[in-house]
Amino acid sequence: MTETVELPVSREHGLELLREMLRIRCFEDRCYRLYGETKIRGFLHLYNGEEAVAVGAMRSLRPTDAVVSTYREHGHAIVRGIPMPAVMAELFGKQTGCSRGRGGSMHLFDASRRFYGGNAIVAGGLPIAVGLALAQKLLRQNDITTCFFGDGAVAEGEFHESLNLASLWKLPVLFLCENNLYAMGTALDQAQAETDITTKARAYRMAAQPVDGMDVLAVETMVSRAVDEVRTGRGPILLEMRTYRFRAHSMFDPQLYRDKAEVAQWERKGPIITLTTRLKALGLMSEDDYERCEREANAEVDAAVQFAEASPWESVADLERFVYAGPVA
Amino acid sequence: MTETVELPVSREHGLELLREMLRIRCFEDRCYRLYGETKIRGFLHLYNGEEAVAVGAMRSLRPTDAVVSTYREHGHAIVRGIPMPAVMAELFGKQTGCSRGRGGSMHLFDASRRFYGGNAIVAGGLPIAVGLALAQKLLRQNDITTCFFGDGAVAEGEFHESLNLASLWKLPVLFLCENNLYAMGTALDQAQAETDITTKARAYRMAAQPVDGMDVLAVETMVSRAVDEVRTGRGPILLEMRTYRFRAHSMFDPQLYRDKAEVAQWERKGPIITLTTRLKALGLMSEDDYERCEREANAEVDAAVQFAEASPWESVADLERFVYAGPVA
Amino acid sequence: MPDPLPDSRSAMSYRDAVREALRSALIADPRVFLMGEDVGRYGGSYAVSKGLLEEFGADRIRDTPLSESAFVGAGIGAALGGLKPIVEVMTVNFSLLALDQIMNNAATLSHMSGGQFNVPLVIRLATGAGRQLAAQHSHSLEGWYAHIPGLRILTPATIDDARFMLAAALACPDPVLLFEHQYLYNMEGHLTAGLEAVNLHNAAIRRAGRDVTLIAYGWSLHKSLAAAEELARTGIEAEVLDLRTLRPLDEQAIIASVRRTRRAVIVDEGWRSGSLSAEVTTRIVEQAFYDLDAPVVRVCTAEVPVPYAKHLEDAALPSPDRIVAAVRTVLESSGSP
Amino acid sequence: MPDPLPDSRSAMSYRDAVREALRSALIADPRVFLMGEDVGRYGGSYAVSKGLLEEFGADRIRDTPLSESAFVGAGIGAALGGLKPIVEVMTVNFSLLALDQIMNNAATLSHMSGGQFNVPLVIRLATGAGRQLAAQHSHSLEGWYAHIPGLRILTPATIDDARFMLAAALACPDPVLLFEHQYLYNMEGHLTAGLEAVNLHNAAIRRAGRDVTLIAYGWSLHKSLAAAEELARTGIEAEVLDLRTLRPLDEQAIIASVRRTRRAVIVDEGWRSGSLSAEVTTRIVEQAFYDLDAPVVRVCTAEVPVPYAKHLEDAALPSPDRIVAAVRTVLESSGSP
Ligand SMILES: Cc1ncc(C[n+]2csc(CCOP(=O)(O)OP(=O)(O)O)c2C)c(N)n1
Ligand SMILES: Cc1ncc(C[n+]2csc(CCOP(=O)(O)OP(=O)(O)O)c2C)c(N)n1
Ligand SMILES: [Mg+2]
Ligand SMILES: [Mg+2]
């Protein structure tokens with residue numbers, strides 16, 4: 001089971017975590033609407049409900065650490081520091097997008113922030129994370145690589161191969177499994193003979209722990225410890241973040257596979273509610289604080305949308321640009 | 001650790017096991033020579049040292065059970081009952097070979113004996129075994145599928161995916177890992193962060209046990225129990241057969257990666273010596289018995305070679321035959 | 001009580017045609033089953049298999065974990081074991097993870113075993129670009145798969161083929177890959193009256209014409225038909241040939257049409273270099289070189305990972321406009337008809 | 001003390017040339033490392049990397065478990081992270097297990113990230129048939145890989161290219177697949193005096209001739225040269241063009257040669273349908289249709305999983321005899337030169 005200690009928190013710290021989570025939440029809610037308005041197209045996978053994971057996890061990383069993510073990565077990208085306008089512009093397919101409009105929602109990149117995507121092939125990022133960590137180790141950089149992936153990825157052969165490699169070579173990788181209990185419509189117990197993902201790490205002699213992914217303070221504490229440990233060079237660690245996705249898998253999902261009641265139950269345990277309740281109980285924040293944070297977040301989203309709207313399209317003449325970095329004689 | 005109980009054995013039974021192991025040993029030794037004479041070509045992977053696994057394992061299977069193997073499968077094929085002449089003819093590339101000369105050493109097949117190859121892609125047979133077992137289950141056949149693979153295969157993603165599927169769906173598969181400590185020149189501890197292969201099964205909620213693969217009686221007992229258990233339909237089992245390959249990986253291997261002394265030490269624990277020593281100590285056989293068994297085995301190999309030599313080549317006109325089973329309009 | 005099969009003569013979508021094909025197959029033969037990611041509870045990622053779990057149960061509408069290599073390989077094993085598996089690989093993009101099983105096992109087992117085994121496996125895959133899904137979700141690899149001996153590659157492009165190719169594929173003793181272009185699922189149409197089955201061998205002339213042959217398959221067929229409409233307005237009569245089966249190719253139909261029209265444009269959503277269009281061009285050169293009035297012209301996807309932004313994606317893909325322009329090039333280089 | 005690099009002007013085998021290329025690269029740049037199955041203790045499955053573990057240590061000559069997808073993907077990650085990985089996939093046959101990483105990541109990352117990233121990764125793969133290794137170990141997929149935008153595909157066929165292509169590949173910021181035909185490793189030859197580097201852009205005329213162009217690469221180059229010898233004895237002068245780089249193709253060199261000889265035979269160890277030979281044929285048709293005196297002819301591998309038995313395997317593969325016969329066909333169909 002996940003730990004349930006009450007972690008100490010200050011007003012300043014608490015509000016900062018809240019603000020970050022609200023930035024994601026407001027961004028995602030806006031994306032949902034923008035999809036309806038056909039400003040955003042393609043596949044769109046929203047992060048509502050899972051904000052505590054990105055927010056709690058990213059804080060312990062250094063700017064030189066590497067981050068590898070999935071197609072459900074808006075939250076990771078934003079908290080990692082990719083400017084929201086560049087992310088929104090990418091979803092609009094604009095030239096000012098963080099992938100120059102070529103990537104879209106599933107392929108956000110930022111070299112300067114060592115944000116290596118944005119991978120739409122489930123588990124496809126894990127081997128890349130292993131390689132980034134190998135480079136960090138061989139170049140003696142004292143950096144680490146954090147790799148996000150879903151519970152669905154655990155069934156892929158690449159999960160197995162990557163965990164073994166990372167452990168065998170004692171590479172500085174922090175594997176962060178976002179277990180939201182479903183891979184599209186497939187519940188974890190329909191996909192895994194053993195549903196406790198931490199037990200799998202033992203097959204690779206890797207330390208692993210479950211974390212309450214709805215509690216941003218728990219995530220922060222556990223990740224911070226794990227990051228320190230991984231940075232010592234003694235090998236990788238896996239944390240299983242137990243969380244839940246509030247919205248549909250993507251914009252095409254009628255959610256036949258789960259009850260509204262189940263969703264509602266999880267919503268009551270949502271990371272934003274959980275934190276707000278705690279801060280209020282401790283007398284560290286008021287409803288006003290909440291509204292201010294939300295207003296600020298929405299203002300940031302507004303600005304991002306305006307930027308995206310106003311941005312130019314990449315020229316069609318540049319379609320083939322960047323296919324090769326070297327000369328094509 | 002593996003069990004070390006002394007198993008009861010009769011003269012008749014003991015000699016039968018010995019005969020079967022010698023059939024393989026003599027066959028393999030002859031193949032080695034025939035390769036030198038360029039009668040056999042391509043890749044040739046010999047089974048010397050591992051005979052106890054094939055012989056001990058195959059006895060508990062019914063004719064209707066399915067067997068999936070690797071490229072080191074001469075022993076499995078012969079003990080499964082593919083006539084030695086058909087196997088030898090295949091190695092000669094003749095039309096009378098068990099794959100009509102198209103498969104060679106790595107691709108022995110026999111539909112009538114449910115011997116599904118002979119797979120030269122490491123771990124490539126595991127998903128096929130899962131599928132055969134799925135068919136057995138859905139068709140309510142009360143048959144099981146036995147799948148042989150090496151320690152090297154454990155690192156492949158397909159191992160992970162296949163074990164999970166088999167366990168999740170409670171399929172009648174017996175996974176038999178022939179752990180001979182090396183994958184070509186890569187020692188197990190260079191390939192696996194966790195070298196105890198049975199611990200991996202737990203990640204899939206699968207029962208697993210190590211077996212002394214040098215003791216044919218132990219193999220027989222353990223496999224027989226496992227086969228009965230798998231046949232009940234409660235799910236797959238993995239047995240890790242701890243064994244050793246006496247010869248080079250293939251005919252191209254200079255064996256730079258291991259000491260002669262290590263090989264010699266294992267040879268002293270070889271399955272044929274182990275069984276003979278025990279039978280002699282129990283007064284159940286004499287040196288004469290041994291020589292007779294060996295003579296018989298060699299005579300069978302002689303006949304197989306003669307058959308192969310005398311057999312015709314497939315017509316070149318039939319090159320494209322069998323690419324499709326259906327009409328190519 | 002299962003629903004009766006809907007009246008197949010009414011208008012239906014391509015999606016419904018595929019679903020009906022699946023239902024018919026499942027009803028007709030108890031050995032048939034469907035397996036893949038989210039085919040059951042989710043209802044299929046393109047809603048193709050919606051309702052089938054309820055009708056046929058979890059043994060026959062089998063949700064799989066994300067384990068493409070293992071469940072495709074399990075399909076091969078199940079076929080060897082006497083079942084008739086239909087494996088759905090959600091999209092061709094994920095099939096790369098199963099390529100070893102497809103090329104090294106499914107495609108080889110019959111030949112490599114000297115004809116002892118065969119693999120009556122059907123793999124269904126959604127394919128194609130055009131929905132702003134970006135580089136990793138927009139592959140058109142059906143022509144690429146057609147390189148592999150031992151496989152049969154089908155590209156149903158019409159309601160008839162969506163409805164009947166599956167049965168023909170299941171009747172075939174060989175491994176069949178059935179590519180359904182994602183853009184087609186919403187296409188509506190009528191089944192041809194009286195049609196009960198289709199064959200897997202013949203290309204089909206979808207529009208007759210005398211001036212040029214447009215050779216296409218899948219979603220490109222419809223782009224070609226639109227181009228042919230457009231051309232007809234200026235008096236150019238294009239014949240439109242739907243390849244239907246990319247392997248084996250119906251070379252005779254290709255050559256016969258090109259001999260008549262003496263000009264060919266090939267429309268292929270694959271990346272230009274090494275796409276099926278090259279093989280078709282080459283067959284024409286090998287068989288009908290002296291009948292050609294002009295070099296063959298290709299309309300393919302640009303040689304880029306397909307980008308997300310709509311205007312870039314549109315620029316990368318074949319379009320009716322580009323096809324019309326290609327036809328005009330061919331006609332000009334040979335003197336107009 | 002490491003050995004000095006052997007005198008590169010003495011006779012050496014292709015294997016030694018590749019090993020020397022590896023050594024030079026490892027010496028020249030500390031970011032370079034080699035990783036793959038059995039590259040270290042075993043000495044490389046074709047003995048190419050023998051001795052390198054002792055010279056450079058286990059960090060830089062890195063044995064991997066049998067995890068093709070993960071270690072190829074790790075190569076991509078290491079390249080992104082600032083290293084210069086040379087990943088050895090023991091043979092192309094096993095690369096199918098890593099195809100997702102190659103196509104969906106290595107080939108796309110530069111474009112998909114809007115040029116922020118590039119993947120300076122070199123993947124070495126042994127390729128080809130002819131050693132009776134049967135259906136799963138005899139693939140020739142280099143032409144098939146050449147379909148993928150974002151990759152560069154090299155096929156060193158000479159001692160010079162074996163020695164110098166690797167350095168050029170490492171200097172290139174893009175992912176490069178370097179295919180070494182298994183039959184070439186034992187080939188002996190001399191390095192060209194004074195040669196220090198090769199480029200990755202140009203095809204090379206390996207024998208000049210005026211009557212027909214033989215277009216080949218890899219081991220087929222040598223079959224073509226043998227055929228050209230044979231043809232020369234009957235007064236037919238074949239030009240032999242070594243493609244060297246299959247992607248991007250040196251279209252100019254192909255067209256220039258064919259314009260001169262007006263006839264082309266393409267020799268390709270890939271299965272005929274959809275092989276690179278089709279793309280080359282098509283480029284010729286697109287660019288030099290009116291210069292051709294006869295249809296292009298292809299000599300390819302038969303459309304079968306390559307069988308074990310020698311006589312069957314020989315019958316399946318291109319051979320000098322089949323090339324000679326193809327040339328005669330071309331000459332006959334165009335009137336002899
Ligand atoms: C290899 C692969 N197979 C299938 C898919 C289609 N697909 C996209 S997301 C998804 C579910 C993944 O679930 P999980 O890993 O739990 O992540 P989540 O969406 O829950 O965040 C599937 C099946 C894919 N993108 N890649
Ligand atoms: C996927 C794949 N990768 C690499 C190889 C090359 N190879 C052939 S056998 C072998 C070692 C396999 O070792 P193990 O599974 O332990 O079986 P053993 O040979 O010891 O019986 C390797 C690397 C292969 N055949 N398939
Ligand atoms: Mg999930
Ligand atoms: Mg082994």
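Every chain's residues receive numbers from 1 upward, in the order its sequence appears when written. All chains are assigned letters beginning at A, and all ligands numbers beginning at 1, according to the order in which they are written. It should be noted that, the model being predicted, local features are given only for residues of pLDDT at least 70 and side-chain atom pairs only at 80 or more, the latter also being counted only at that level, while totals for whole chains, interfaces and linings use all residues. Heavy atoms from the whole structure form the basis of all side-chain values; hydrogens and water molecules are not counted.

Asker: Looking at this structure, how should I read the relation of the copies chain C and chain D?
Answerer: Of the transformation placing chain C onto chain D, the axial shift is 0.0 Å and the rotation is 180°, giving an RMSD of 0.0 Å. Each copy turns onto its partner about a two-fold axis. Of the C-alpha atoms belonging to chain C, the one lying closest to the rotation axis is found on Ala278(C), 2.6 Å away. Any two residues whose heavy atoms approach within 4.5 Å are treated as being in contact. In this assembly the copies share their binding face: 100% of the residues contributing to the interface of chain C also contribute to that of chain D. Superposing copies: least-squares fit, C-alpha atoms only, residues required to have pLDDT of at least 70 in both.

Asker: What am I meant to see in the coordination of the magnesium ion (ligand 4) here?
Answerer: All names here are of chain B. Taken together, Asp151 (OD), Asn180 (OD1) and Tyr182 (O) make up the protein donors of the magnesium ion (ligand 4), found 2.0 to 2.1 Å from the metal. Water is not part of the atom set, so a site may look incomplete; the donors themselves are N, O and S atoms within 2.8 Å of the metal, or 3.2 Å for Na, K and Ca. Within one chain, the residues donating to the magnesium ion (ligand 4) are spaced in sequence as D-x28-N-x1-Y. Each residue gets one of three labels from its accessible area relative to the maximum for its type: buried under 20%, exposed over 50%, partly exposed in between, using a 1.4 Å probe on protein chains only. For Tyr182, a relative accessible area of 9% corresponds to the buried category.

Asker: Even after reading the chapter, I still don't get the pairing of strand 7 (residues 176-181) of chain C, so can you show me in this structure?
Answerer: Consecutive side chains along a regular strand alternate between the two faces of the sheet. All names here are of chain C. A run of H or I in DSSP counts as a helix once it spans at least four residues, and a run of E counts as a strand once it spans at least two, with each numbered from the N terminus. Judged by how many residues are buried, strand 7 sits mostly within the fold: 6 of 6 residues are covered. In strand 7, alternate side chains face the same way, and those of Val176, Leu178 and Glu180 on one face and Leu177, Phe179 and His181 on the other are all buried. DSSP calls a pair of strands paired once it identifies at least 2 bridges connecting them. Sheet analysis places strand 5 (residues 122-127) next to strand 7, joined by 6 bridges and oriented parallel. From the neighbouring strand, Ala126 faces strand 7, where its bridge partner is Glu180. Judged from the 3 bridges that link them, strand 6 (residues 152-154) and strand 7 form a sheet pairing that is parallel. Looking at the pairing, Ile153 lines up with Leu177 of strand 7. We call a crossover right-handed when, viewed with the strands running away from us, the connection from the first strand over the helix to the second turns clockwise. Since strand 6 and strand 7 lie parallel, the crossover through helix 8 (residues 159-171) that links them has a hand, and here it is right-handed.

Asker: What is the right way to read the coordination of the magnesium ion (ligand 3) from this model?
Answerer: Ideal coordination angles are 109.5 degrees for a metal with four donors arranged tetrahedrally and 90 or 180 degrees for a metal with six donors arranged octahedrally. All names here are of chain A. The coordination sphere of the magnesium ion (ligand 3), as far as protein atoms go, consists of Asp151 (OD), Asn180 (OD1) and Tyr182 (O), spread over 2.0 to 2.1 Å. Considered as a linear motif, the donors of the magnesium ion (ligand 3) on their single chain read D-x28-N-x1-Y. Here Asn180 lies in the loop between strand 3 (173-179) and strand 4 (182-183) and Asp151 lies in the loop between strand 2 (145-150) and helix 6 (157-168), a separation of 29 residues in the sequence. Neither Asp151 nor Asn180 differs from the other in exposure class; each is buried.

Asker: Just checking my understanding: could you explain the environment of Pro327(A) for this structure?
Answerer: Counting through the fold element by element, Pro327(A) comes out in the segment after helix 12 (287-310). When residues no more than four places from it in sequence are discounted, the contact partners of Pro327(A) are Arg152(D) and His201(D).

Asker: What exactly am I supposed to notice about the sheet that holds strand 11 (residues 238-242) of chain D here?
Answerer: In any sheet, the strands associate via hydrogen bonds between backbone groups, in a parallel or an antiparallel arrangement. Residues and elements named next belong to chain D. Across the sheet, 5 strands lie side by side as 9-11-10-13-14; this open sheet has mixed pairing. Two strands lie at the open edges of the sheet, namely strand 9 (204-207) and strand 14 (297-301), each paired on one side alone. Pairs of neighbouring strands in the sheet enclose a mean axial angle of 25°, with direction left out of account. Bridging between strand 10 (residues 212-216) and strand 11 involves 5 bridges; their strand directions are parallel. Here an angle of 0 to 180 degrees is reported between the N-to-C directions of two axes, which are lines fitted to C-alpha atoms, with helices fitted over the stretch in contact.

Asker: Would you take a moment to explain the interface of chain C and chain D for this structure?
Answerer: Interfaces are often sized by the amount of accessible area the parts lose when they come together. The interface is formed by 47 residues belonging to chain C together with 47 residues belonging to chain D. Once two parts are brought into contact, the accessible area they lose, counted with a 1.4 Å probe and summed over both, makes up the buried area. Sorting the residues of chain C by area buried against chain D places Trp144(C), His147(C) and Phe289(C) first, and these three jointly supply 16% of that buried surface. We define a salt bridge as a side-chain nitrogen of Lys or Arg found within 4 Å of a carboxyl oxygen belonging to Asp or Glu. Summed over the shared surface of chain C and chain D, the number is 8 salt bridges. Glu279(C) serves as the salt-bridge partner of Arg298(D), at 2.9 Å between the closest nitrogen and oxygen. Pairing of N or O atoms within 3.5 Å defines a polar contact, subject to two protein rules: one partner must be a possible hydrogen donor and the other a possible acceptor, and residues neighboring in sequence count only if both atoms are side-chain atoms. Here chain C is connected to chain D by 27 residue pairs in polar contact (both at pLDDT 80 or more). Residue assignment for the side of chain C that touches chain D shows that the elements contributing at least two residues are helix 5 (99-106), helix 6 (109-112), strand 13 (264-271) and helix 11 (276-288) of chain C. In terms of residue count, helix 11 of chain C provides more of the side of chain C that touches chain D than any other element does, 7 residues in total. Looking at the side of chain C that touches chain D residue by residue, the class counts come to 23 nonpolar, 15 polar and 9 charged. Residues are grouped as follows: nonpolar covers Ala, Val, Leu, Ile, Met, Phe, Trp, Tyr, Cys and Pro; charged covers Asp, Glu, Lys and Arg; every other residue, Gly included, is treated as polar.

Asker: Is there a simple way to explain the domain arrangement of chain C in this structure?
Answerer: All names here are of chain C. In terms of domains, chain C is made up of domain 1 (12-189) and domain 2 (204-333). Once you take the C-alpha centre of each, domain 1 and domain 2 turn out to be 26 Å apart. On the side of domain 2, 24 residues touch domain 1, which itself brings 32 residues to the contact. Roughly 2,200 Å² is buried in total at the junction of domain 1 and domain 2, and carbon and sulfur atoms are behind 57% of that figure. For the interface between domain 1 and domain 2, the tally reads 16 residue pairs in polar contact (both at pLDDT 80 or more). Where the side of domain 1 that touches domain 2 is concerned, the elements lending two or more residues are helix 7 (142-145), strand 6 and helix 8. Here the side of domain 1 that touches domain 2 takes 3 residues from strand 6, the largest share from any one element. Looking at the side of domain 1 that touches domain 2 residue by residue, the class counts come to 16 nonpolar, 12 polar and 4 charged. Domain start and stop points were drawn from an automatic or database domain assignment.

Asker: Got a minute to help me understand the side chain of Arg72(B) in this structure?
Answerer: Residues and elements named next belong to chain B. Considering the arrangement of structural elements, one finds Arg72 in the loop between strand 1 (66-68) and helix 3 (74-80). Of the side chains bearing the opposite charge, Glu50 lies closest to the buried Arg72, which forms no salt bridge; the N-O distance is 4.3 Å. Only 2.8 Å separates the side chain of Arg72 from the backbone oxygen of Leu46, close enough to count as a polar contact. Within the local environment of Arg72, its side chain forms a polar contact with the side chain of His249, the two groups lying 3.0 Å apart. Residues contacting Arg72, with those up to four places away along its chain left out, are His45, Leu46, Tyr47, Glu50, Asn180, Arg245, Ala248 and His249. In this tally Asp and Glu are treated as negative and Lys and Arg as positive; neither His nor the chain ends contributes.

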